[in-house]
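# Analysis of the macromolecular model
The lines below spell out each chain.
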Amino acid sequence: MKTAHRLSVLIIWLTFCVTLMAQPNAWINEFHYDNEGGDVGEFVEVAVPAELSDKQDLRLCLYNGANGERYDSYHSLDEFIQGGAAGNHILYYTYIDGIQNGPDGLCLDYKGTVIQFLSYEGHFTAMDGPAAGLNSQDIGIQESGSTPLSGSLGLVGDGMNYSEFVWQVLTATPGMPNTDQSLPVELMSFQAEYKDHAIELTWRTASETNCLGFYIERGDSVQGYKRLSNMIQAAGTTSQMQSYAWRDTRIMPNRNYDYQLVEKDGAGSDPCQYPSRCTDNHV
């Protein structure tokens, strides 16, 4: 039951609610297999959701493109080295001696179900293992005997899914986000509540990448948005959930208030704007 001096609040969930899925949103993010001189520093890096707990069920295996058969061993994620955070993902990498020149393939599976089956220097059909019967997806670029020791092949771009990135020749950064790769702030919620003669805005992030802070803006359809707050410092880069709050005390009765949360990243820009609305019915 509504009473006087209360606020009717419309809460807008801005990204998504966590949904249990058969496969985690994981992908192969970078690898190195060939360089000038004797091959050294061969590795594979995968991006894994921070909340994934059963790491032993996420496996990588290598395929021989000449006959489509799997090489001997699986590499379970719990054997990888944990690197840094990238958005809501953790980057894990492992050094694997003897990654062959192509056409060869890399298969990432979760509990036996294939997430990715990538190849380099050509494509082929797997004959056994988790990818049996599947055609590989050629990433379209390759290394050669003249590749520097520090080189790699990796994903670049902005996004939170494999399909939002593209493969490029890079300087190797195992366990860290690739050069020109960004997994931005993942906002879980942005909500508002009338409390103690003010509107309290609260928001939570599932992850942050290179985030300096947030601003609160208030506006309407006539005057647009105006900035109310100084910058509210963010966590920077983290895969841990963060919670924030800010109070707007400059309110009047019987008004609709539209709020906008603006993120400021490490480049100094305001890349993301997240709206919410409150209807103040107090009299």
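Our subject is the structure listed above.
Once that is clear, we can look at the sheet that holds strand E10 (residues 137-138). The strand order E5-E4-E8-E9-E10 describes an open sheet built from 5 strands, whose pairing is mixed. Both outer strands of the open sheet, strand E5 (69-76) and E10, are each paired with one neighbouring strand and no more. Bridge count for strand E4 (residues 58-64) against E5 is 5 bridges, and the pairing is antiparallel. Considered in E5, the bridge of Asn-64 is made with Glu-69.

Counting buried positions over the 6 residues of strand E2 (residues 27-32) gives 6, a clear majority of the element. Sheet topology note: the E2/strand E3 (residues 43-49) ladder contains 5 bridges and is antiparallel. The residue of E3 that forms the bridge with Trp-27 is Ala-47. Of the pairings in the sheet, the one linking E2 to strand E11 (residues 151-158) comprises 2 bridges and is antiparallel in character. Paired with Glu-30 across the strands is Gly-154, a residue of E11.

Let us now look at the packing of aromatic side chains. Across all of its chains, the model carries 13 aromatic pairs by this definition. Ring centres of Phe-31 and Trp-167 lie 5.6 Å apart, and the angle between their planes is 70 degrees; on these two criteria the pair is classed as edge-to-face. Placement of the pair is Phe-31 in strand E2 and Trp-167 in strand E12 (residues 166-171), with a sequence separation of 136 residues. Following the ring pairs from residue to residue traces out a cluster consisting of Phe-31, Tyr-33, Tyr-120 and Trp-167. Here the guanidinium or amino end of Arg-59 rests over the ring plane of Tyr-74, the centre of that ring lying 3.9 Å away. Across from the ring centre of Tyr-215, 3.9 Å away, lies the NZ or CZ of Arg-227, which sits over that ring.

Parameters at a glance
- Every chain begins its residue count from 1, and numbering advances along the sequence as written.
- Selection of residues for local features in this predicted model requires a pLDDT of at least 70, selection of side-chain atom pairs for listing and counting requires 80 or more, and totals for whole chains, interfaces and linings are taken over all residues.
- Excluded from the side-chain calculation are hydrogens and water; included are all heavy atoms of the structure.
- By the convention used here, strands pair only if DSSP detects at least 2 bridges between them.
- Helix numbering and strand numbering both begin at the N terminus, where a helix is a DSSP run of H or I of at least 4 residues and a strand a DSSP run of E of at least 2.
- Each residue is assigned to one of three classes by its accessible area relative to the maximum for its type, calculated with a 1.4 Å probe on protein chains only: buried under 20%, partly exposed between the two thresholds, exposed over 50%.
- Between 30 and 60 degrees the pair is tilted, below 30 it is stacked and above 60 it is edge-to-face, where a pair is any two Phe, Tyr or Trp rings, Trp via its six-membered ring, whose centres lie within 6.5 Å.
- A ring is considered to have a charge above it if a Lys NZ or an Arg CZ atom is located within 6 Å of its centre and within 35 degrees of its normal.

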